[in-house]
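Examining the three-dimensional arrangement
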Amino acid sequence: MRRKDREVTDGQRIRDIIQSCSCCRLGLSDGGDVYIVPLSFGYEEADGARVFYFHSAPEGRKIELLTQHPHAAFELDTGGETVTAPTACGWTARYRSVIGTGDVSFITDTGRKRHALDCIMNHYARLLQHDTHNRPWQYQDEMLNQVCVFMLRVAELSCKEHR
């Protein structure tokens, strides 16, 4: 990382930044091109690993690409603010961001799907400061059978913050 003065290495601070984000963008390999898709997500740390959870329709370009190339990049950011100055070179931006890579796997077990979906629901309930966060949610079996749920196990991660 070029700007070491902006690097965040504290695990709790990284968790706080991730938990304050509302969108995770996945970068997927599409032959010689890159396909970037914004997704809602859930996050947890389990058995020493950082894990992002996502849900999707069971077919489409994203699912085809993940099936062919399960390695993906991710990006999250929050707190974006432009700071003006009298001269062009004085302008700057405030931000908090997390980027990295990892391997994607699909979740087919109903119990694990429920857990992943709970992580997603709890993430947004917490973001909205809704009183339903950190509780088990109810899902219809028909919906669980139709939804595609997948996880990204983080291999590399870096975090920056400019206040």
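These numbers were taken from a predicted model, which means no experiment stands behind them.

1. Structural notes on the overall build of the protein chain
- Across its full length, the protein chain carries 4 helices and 7 strands.
- From first element to last, N terminus to C terminus, the protein chain shows the α and β order α-β-β-β-β-α-β-β-α-α-β.
- With respect to the principal axes defined by its C-alpha atoms, the protein chain has extents near 60 × 45 × 30 Å.
- Within the protein chain, the proportion of its 163 residues that are buried is 38%.
- A fraction of 70% describes how many contacts in the protein chain between residues 6 or more apart in sequence connect residues 24 or more apart.
- Mean positive and mean negative side-chain charge positions of the protein chain (20 and 22 charges, respectively) differ by 6 Å.

2. Considerations on the environment of Glu45
- With respect to the helices, strands and loops of the structure, Glu45 is situated in strand β3 (residues 42–46).
- Take Glu45: its relative accessible area is 37%, and that puts it in the partly exposed class.
- With 108 residues separating them in the primary sequence, Glu45 and Arg153 have C-alpha atoms 9.7 Å apart.
- If we ignore the near neighbours within four places in the chain, the residues touching Glu45 are Arg15 and Arg50.

3. Remarks on the pairing of strand β6 (residues 92–107)
- Pairing analysis gives 11 bridges linking strand β5 (residues 71–83) to β6, with the strands arranged antiparallel. Directly across from Leu76, in β6, lies its bridge partner Val98.
- Pairing of β6 with strand β7 (residues 148–162), which is carried by 13 bridges, proceeds in the antiparallel orientation. Note on β7: the bridge partner recorded for Val104 is Leu152.

4. Some words on the nonpolar core
- Leu26, Phe41, Phe52, Phe54, Phe74, Phe150 and Leu152 are the most contacted members of the largest nonpolar core, which totals 43 residues.
- Considering each element in turn, this core owes the most residues, 7 residues, to β7.
- Those residues in contact with Leu152, other than ones at most four positions away along the chain, are Leu26, Arg50, Val51, Phe52, Phe54, Ala72, Phe74, Gly102, Asp103 and Val104.

5. Describing the state of the cysteines
- As enumerated under the stated definition, the model contains 0 disulfides in all.
- Free cysteine: Cys148, not disulfide-bonded; nearest cysteine sulfur from Cys24 at 15 Å.

6. Here's the deal with the packing of aromatic side chains
- Counted by the stated rule, this structure contains 7 aromatic pairs.
- Ring geometry for Phe52 versus Phe54: centroids 6.5 Å apart, planes at 20°, classification stacked.
- Within the aromatic cluster, the residues linked to one another by ring pairs are Phe41, Tyr43, Phe52, Phe54, Phe74, Phe106, Tyr124 and Phe150.

7. Some remarks on the pattern of salt bridges
- Counted under the stated rule, the structure contains 7 salt bridges.
- A salt bridge links Glu45 to Arg15; its shortest N-O distance comes to 2.8 Å. Note that Glu45 is positioned in strand β3 and Arg15 in helix α1 (residues 11–19), a separation of 30 residues in sequence.
- The exposure class assigned to Arg15 is partly exposed, which follows from its relative accessible area of 24%.

8. Some words on the environment of Met121
- Position of Met121 among the secondary structure elements: in helix α3 (residues 110–127).
- Measuring from C-alpha to C-alpha, the distance between Met121 and Asp33 comes to 32 Å, with 88 residues separating the pair along the chain.

9. Some remarks on the sheet that holds strand β2 (residues 33–39)
- Across the sheet, 7 strands lie side by side as β2-β1-β5-β6-β7-β4-β3; this open sheet has antiparallel pairing. The open sheet has two edge strands, β2 and β3, and neither has a second partner. Each strand axis lies, on average, 35° off the axis of its neighbour in the sheet, ignoring direction.
- Contacting β3, β4 (49–56), β5, β6 and β7, α1 crosses the sheet at an angle of about 115° to β7.
- Packing against the sheet, α3 makes contact with β2, β3, β4, β6 and β7, and its axis sits at approximately 95° to β4.

Cut-offs applied
Residues numbered from 1 in each chain as written. Predicted model: local features only at pLDDT ≥ 70, side-chain atom pairs only at ≥ 80, totals over all residues. Heavy atoms only, no water. Helix = DSSP H or I, 4+ residues; strand = E, 2+ residues; numbered from the N terminus. Buried < 20%, exposed > 50% of the residue type's maximum accessible area, 1.4 Å probe, protein only. Contact = heavy atoms within 4.5 Å. Lys, Arg positive; Asp, Glu negative; His and termini not counted. Charge placed at Lys NZ, Arg CZ, Asp CG, Glu CD. Pairing = 2+ DSSP bridges. Core = buried A, V, L, I, M, F, W, Y, C linked by side-chain atoms within 4.5 Å. Disulfide = S-S within 2.5 Å. Phe/Tyr/Trp six-rings, centres within 6.5 Å; stacked < 30°, edge-to-face > 60°. Salt bridge = Lys/Arg side-chain N within 4 Å of Asp/Glu carboxyl O. Axes fitted to C-alpha atoms, helices over the stretch in contact; angles between N-to-C directions.

Taken by themselves, the reported measurements are silent on function.
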